[in-house]
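# Coordinate analysis (summary)
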Amino acid sequence: MQFSVDAESPTPPYEQVRAQVIAAIDDGSLVAGTRLPPVRTLAAELGLAANTVARAYRELEEAGYVETRGRAGTIVGGGDAAATRAAQAAKTYADTVRSLGVSPTDAVALVRAALGAG
């Protein structure tokens, strides 16, 4: 898998890396158990600071796409990608409704209505 960064893009480099890894997982190019390049190696290949790649990897791990195994590196997770993405969307929704002051009962009612579940 080759990653690239468009320096002219308004999208931050860490987000470009993160999005490319997710796309590769979603299309099957990166399968569960695949080891991603070490942070410093990928940073050097892309001409980025190591912290930029580390942020992309950290966000991928928080979203459940990869697992960091210390010296063994960063590995593509084996979980269900759809379930992982749904869980991340649910967390984002919960954070949003909480910040808007919507009660949990009303927030769940909104989800049920959106799903057509009454």
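As a reminder, the structure under discussion sits directly above these lines.
Structure report, in brief. Note that the coordinates shown come from a computational prediction; the quantities given were computed from them, not determined experimentally. (Residues numbered from 1 in each chain as written. Predicted model: local features only at pLDDT ≥ 70, side-chain atom pairs only at ≥ 80, totals over all residues. Heavy atoms only, no water.)

### A short note on the pattern of salt bridges
A full pass over the atoms with the stated rule returns 6 salt bridges. For Glu15, the salt bridge is made with Arg18, and the minimal N-O distance between the two is 2.7 Å. On the criterion of helical spacing, the pair formed by Glu15 and Arg18 is a turn pair, its members being 3 residues apart in helix α1 (residues 13–26). Given a relative accessible area of 21%, Glu15 falls into the partly exposed group. Salt-bridge contacts for Lys91 lead to Asp95; the nearest nitrogen and oxygen are separated by 3.0 Å. Taken as a pair, Lys91 and Asp95 lie in helix α4 (residues 81–100) at a separation of 4 residues, close to a single helical turn. Of the residues examined, Lys91 reaches a relative accessible area of 46% and is grouped as partly exposed. Taken together, the shared-partner salt bridges connect Glu15, Arg18, Arg55 and Glu59 into one network. (Salt bridge = Lys/Arg side-chain N within 4 Å of Asp/Glu carboxyl O. Helix = DSSP H or I, 4+ residues; strand = E, 2+ residues; numbered from the N terminus. Buried < 20%, exposed > 50% of the residue type's maximum accessible area, 1.4 Å probe, protein only.)

### Details of the packing of helix α2 (residues 39–46) against helix α3 (residues 50–62)
With their axes 8 Å apart at the nearest point, α2 and α3 run at an angle of 120° to one another. Classed by the angle they form, the pair α2 and α3 counts as oblique. The handedness of the crossing between α2 and α3 is right-handed. Within the contact between the two elements, α2 uses Val39, Arg40, Leu42 and Ala43 and α3 uses Ala50, Val53, Ala54 and Tyr57. Tallied by class, residues from the contact of α2 with α3 come to 7 nonpolar, no polar and 1 charged. (Axes fitted to C-alpha atoms, helices over the stretch in contact; angles between N-to-C directions. Parallel < 35°, antiparallel > 145°, perpendicular 65-115°, else oblique. Left-handed = near helix turned anticlockwise from the far one by under 90°. Contact = heavy atoms within 4.5 Å. Nonpolar A, V, L, I, M, F, W, Y, C, P; charged D, E, K, R; others polar.)

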